[in-house]
Amino acid sequence: MSNKFVYLFSEGNGSMRELLGGKGANLAEMTNLGMPVPQGFTVTTEACTQYYKDGEVINDDIQAEIMRNITELEKIAGKKLGDKENPLLVSVRSGARASMPGMMDTILNLGLNDEVVESFAAKTGNPRFAYDSYRRFIQMYSDVVMEVGKKYFEELIDEMKEKKGVKLDTELDADDLKELANQFKAEYKAKIGSDFPSDPKEQLMGAVKAVFRSWDNPRANYYRRMNDIPSDWGTAVNVQMMVFGNMGETSGTGVAFSRNPSTGEKKLYGEYLMNAQGEDVVAGVRTPLTIDHLKEQNPAVYEQFVTIVNTLENHYHDMQDMEFTIEDGKLFMLQTRNGKRTAAAALQIACDLVDEGQINKEQAVLMIDPKQLDALLHPQFDVKALKAAAPIGSALPASPGAACGKVVFTADAAVEWAEKGNKVILVRLETSPEDIEGMHVAEGILTVRGGMTSHAAVVARGMGTCCVSGCGEIKIDEDAKVFSLGGKTFHEGDYISLDGSTGNIYGEAIQTVAASISGNFDRIMKWADEFRTLQVRTNADTPKDAVQAATFGAEGIGLCRTEHMFFEGDRIKAMREMIVSKTEEQRRAALAKLLPMQRGDFEGLYEAMGGHPVTIRFLDPPLHEFLPTAEDDIAALSKEMNISVEELKAVVSSLHEFNPMMGHRGCRLAVSYPEIAEMQTTAVIEAAINVKKAHSDWNIVPEIMIPLVGEIKELAYVKSIVTSTADAIIAKAGCDLHYKVGTMIEIPRAAITADEIATEAEFFSFGTNDLTQMTFGFSRDDAGAFLGSYYDKKIYENDPFARLDQKGVGKLVKIASDLGRQTRPDIKLGICGEHGGDPSSVEFCHKAGLTYVSCSPFRVPIARLAAAQAAIKFSK
Ligand code: PEP
Ligand code: MG
């Protein structure tokens, strides 16, 4: 940390983003480029972190440095803060390293008081304008610095308008505004208990402090969590000479993008208002004009602006989002930054910039936010229809996309209604694997319980179905088929809409439009593939999902959760028969029924992946998940199984576990019932042999993956079942088939004994869902309920189930990778937990030297791009 906390714009430059924030660095850069920038200075991000270190005070040294820079600014401006003859007015604005639009605070017109406003009125010859600026300042300062709500002031404005019999603010005259300024100060005193500060220096320190404080407001914290911005970065504060767009008809203010931010089209795009301040453009009281009008209204300013826009684009090699003000016919640039844009525009702009020779392919790949691609892969709401709708609640955005349909409360009802041509939304307390078919046919899924890696979330993301989970505000009665939320009650058949990207829930039908993938998308992805070294596989359980993933560029299956195959149609019956079997013989008979089904599934997967590697994970969940819980379901099953209800209930209760996530699951099932592993091995090997026959040119090498291993001997035991079964089949078939047996590393003990585990395992796949759960010691299904308190208290900044905890869980991944390589230098290392599709986690995997990441089909393009970005960033 340096001991300089304040930089004049002329002292900084564009590369000092970390210290000066984006806005400060760009104002300095524009100053260096000789552009008309109202001068000022930036209080650094380090001053902000110092403010927090000092217990939320601006220490004396920093205050003194700010005041020295005010003196410098006064010299540049030829005006003085608080001066009655020639007063300097400033704006005080936030500006973090990463842009966080609208999340933090701004104060304009600082420096006004009862005396200054008089001379300001005289100097500008415009008392109305002066008093309007003053009352706006009091209002903004009271709101932002002292946290007196805006509404009190708005009420006073309304009263004044009523008294004067006018409708618009602009119809109030100078005397009215002067009177309002007095009323505002009285309101301030009534609320705060002291006079409104008239000393501009006191005003300034209050404003700087308020901006520092706004770094920590709830909406800024939420925005940072959503966008992976660390909370210790802090914000800079820019203190800049005011210029006025509201000084009359030769003044104005506006915003413009150098290209269209919705489509990416290369055309200046923007709007402005004459005789207005920035907030008027945003507030939408008056309709702004498009930037093209400026050409007619003031051709000289327009030409100057266009030249600046082109210079800035060529300088930054990216689309710029700019704010400008015209003060009495003179143009000033208030801000430039790389503009936010839709996913489609991002792709268009990146491709165009490459074609224009402004950037190379690496830069194009780096300029796209991988998470944004998601928007191109799922149906979206019609923008107009969405604007017109108001959410009735919100919860976790568990699986993106937009969904609109009729409410159903059971998976069976979902199937029934969908078969009749209805679009449905499945609303459940929570989903279970039994609901899989209903989830498949539903447009969207809404659950009352569950987090980002709960069953509903994982399965929905895998299918690419929109899902909003964990909406605790819902009151639901599944039996009565009714739920209520946001004061409204919904019955079966009522329409609702879900936004899986924001987590918003709407109590009405909102029209959706299908996602479209343009040619630019493909072009960028091909460039990404040229750079990345990490392979990208998919987690897919069905041939349909595998085909979808292959079209998105998956290079194999990194995880097939075989249990998901046991829930469809008649299979569940055979599965339940297997579970309630009392003898090995009975169990084998039930497994024999499952064998051809599994074999068929695996054949489908091999076919879909066209010779790419396929990793099949053996049965993992606790067996009770396959058994019914409702009385009538139990009765029906007992009839089917030909056993008494009591007997069946006894089986169900014998399978009850206090903590099933740490219970009889994973390889423990195969240790107890080796015949399950035998059947699954048979299905895998026979399917491979069959598909190999049809495609002799495909190099099919089945990868059998044993889950939840914590001890080398349990892996050795299960592997012995696999190899003896597989070798016998291969020998009998007389064919040349190689296969691999590997394991998931998802228990901390496996990670720290990975050198031993690798003596048996030919590959590792990090199951970071369980590894996170077991490393933190909290349940992946329940953590959602209390993580909110952890964010509020700043104990965690992110959901460790969504973004890999690199310090703890990541350390285990590194330890296991190193130990594994010690034993088996060419060991294949992958990740198949949900983190495999999260960009920051993909970057970690690249750095850890993994072979591949595996993620749900709809995240494959995201992972491809993130892998390319990591390769580009770390090859330098
Ligand atoms: C994991 O634990 O990370 C994993 C991929 O397995 P599952 O989510 O099926 O437990
Ligand atoms: Mg697991």
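Residues numbered from 1 in each chain as written. Chains lettered and ligands numbered in written order. Predicted model: local features only at pLDDT ≥ 70, side-chain atom pairs only at ≥ 80, totals over all residues. Heavy atoms only, no water.

Draft legend 1. Just the overall build of the protein, in detail. Counting its secondary structure elements, the protein contains 35 helices and 33 strands. Radius of gyration (C-alpha) of the protein: 32 Å, near the 29 Å computed for a compact globule of 876 residues. Each of the three principal axes of the protein carries a C-alpha extent, and together these read 100 × 60 × 50 Å. Burial status across the protein gives 55% buried among its 876 residues. For the protein, the proportion of contacts with a sequence separation of at least 24, taken over those separated by at least 6, is 69%. In the structure as shown, the protein presents an accessible area of about 35,800 Å², 50% of it carried by carbon and sulfur atoms. Of note, the protein has its 94 positive side-chain charges centred 2 Å away from the centre of its 125 negative side-chain charges. (Helix = DSSP H or I, 4+ residues; strand = E, 2+ residues; numbered from the N terminus. Rg over C-alpha atoms; globule rule 2.2 N^0.38 Å. Buried < 20%, exposed > 50% of the residue type's maximum accessible area, 1.4 Å probe, protein only. Contact = heavy atoms within 4.5 Å. Areas by Shrake-Rupley, 256 points an atom, 1.4 Å probe, with all protein chains shown as cover. Lys, Arg positive; Asp, Glu negative; His and termini not counted. Charge placed at Lys NZ, Arg CZ, Asp CG, Glu CD.)

Draft legend 2. Fine view of the packing of aromatic side chains. Scanning all chains against the criterion turns up 25 aromatic pairs. Here the aromatic rings of tyrosine 51 and phenylalanine 212 are separated by 5.3 Å at their centres, their planes lie at 40 degrees, and the arrangement is tilted. Within this pair, whereas tyrosine 51 is found in helix α2 (residues 45-53), its partner phenylalanine 212 is found in helix α8 (residues 200-214), the two being separated by 161 residues in sequence. According to the relative accessible area criterion, phenylalanine 212 is buried, its value standing at 1%. Ring centres 5.8 Å apart and planes at 85 degrees place the aromatic pair phenylalanine 137 and phenylalanine 196 in the edge-to-face group. You can see phenylalanine 137 sitting in helix α5 (residues 127-144) and its partner phenylalanine 196 sitting in the loop between α7 (174-192) and α8, a full 59 residues away along the chain. Among the residues examined, phenylalanine 137 registers a relative accessible area of 0% and is labelled buried. Overall, phenylalanine 196 belongs to the buried group, its relative accessible area being 8%. Here a set of aromatic residues connected by ring pairs shows up, and it is made of Phe776, Phe778, Phe786, Tyr790, Tyr796 and Phe801. Between the NZ or CZ atom of arginine 224 and the centre of the ring of tryptophan 215, over which it lies, the distance is 3.9 Å. Sitting over the face of the ring of tyrosine 852, arginine 537 holds its NZ or CZ atom 4.1 Å from the ring centroid. (Phe/Tyr/Trp six-rings, centres within 6.5 Å; stacked < 30°, edge-to-face > 60°. Lys NZ or Arg CZ within 6 Å of the ring centre and 35° of its normal.)

Draft legend 3. Looking closely at the coordination of the magnesium ion (ligand 2). The magnesium ion (ligand 2) binds to the protein through Glu746 (OE) and Asp770 (OD); the donor distances cover 2.0 to 2.2 Å. Here aspartate 770 lies in helix α31 (residues 768-776) and glutamate 746 lies in the loop between β30 (740-745) and α29 (748-752), a separation of 24 residues in the sequence. Judged on exposure class, the residue glutamate 746 and its partner aspartate 770 are both buried. (Donors = N, O, S within 2.8 Å, 3.2 Å for Na, K, Ca; no water.)

Draft legend 4. Main features of the site of ligand 1. The full set close to ligand 1 counts 14 residues, and Arg561, Glu746, Gly767, Asn769 and Arg780 are the nearest of them. Glycine 767 places a polar main-chain atom, nitrogen or oxygen, 3.3 Å from an oxygen atom of ligand 1. Here asparagine 769 contributes a backbone N or O atom positioned 2.7 Å from an oxygen atom of ligand 1. For ligand 1, whose unbound accessible area comes to 290 Å², protein coverage reaches 96%. At the level of secondary structure, the elements contributing two or more residues to the shell around ligand 1 comprise β27 (557-561) and α31. Ranked by residues supplied to the shell around ligand 1, first place goes to α31 with 3 residues. Of the residues assigned to the shell around ligand 1, the class counts are 3 nonpolar, 4 polar and 7 charged. (Near = heavy atom within 4 Å. Polar contact = N/O pair within 3.5 Å; in protein donor to acceptor, adjacent residues only side chain to side chain. Nonpolar A, V, L, I, M, F, W, Y, C, P; charged D, E, K, R; others polar.)

Draft legend 5. Spotlight on helix α9 (residues 218-226). For α9, the complete set of buried residues consists of Ala220, Asn221, Tyr223 and Arg224. Across the axial projection of α9, the buried residues extend over an arc of 165 degrees, all falling on one side. Along its buried surface, α9 packs onto α8. Where α9 starts, the residue carrying a side-chain oxygen 2.7 Å from the main-chain nitrogen of alanine 220 turns out to be asparagine 217. Two residues or fewer past α9, aspartate 228 is found with a positive phi of approximately 55 degrees. (Arc of directions from axis to C-beta.)

Draft legend 6. Quick peek at helix α28 (residues 712-733). Look at α28: 31 Å from first C-alpha to last across 22 residues, which is about the 32 Å you get at 1.5 Å a residue. Inspection of α28 places Ile712, Glu714, Leu715, Val718, Lys719, Ile721, Val722, Thr725, Ala726, Ile729 and Ile730 among the buried residues, and these make up the whole buried set. Along its buried surface, α28 packs onto α26 (667-672), α27 (674-694), β29 (703-706), β30 and α30 (754-760). Glycine 734 occupies a position one or two residues after α28 and carries a positive phi of about 60 degrees. (Expected span 1.5 Å × (residues − 1).)

Draft legend 7. Main features of the sheet that holds strand β8 (residues 252-257). With antiparallel pairing, the 5 strands of this open sheet are ordered in space as β10-β9-β8-β11-β12. Unpaired on one side and paired on the other, β10 (289-290) and β12 (330-338) mark the two borders of the sheet. Pairing analysis gives 8 bridges linking strand β11 (residues 320-327) to β12, with the strands arranged antiparallel. Residue pairing in the sheet places methionine 322 in a bridge with threonine 336 of β12. Docked against the sheet, helix α12 (residues 299-316) engages β8, β11 and β12, running at close to 25 degrees with respect to β12. (Pairing = 2+ DSSP bridges. Axes fitted to C-alpha atoms, helices over the stretch in contact; angles between N-to-C directions.)

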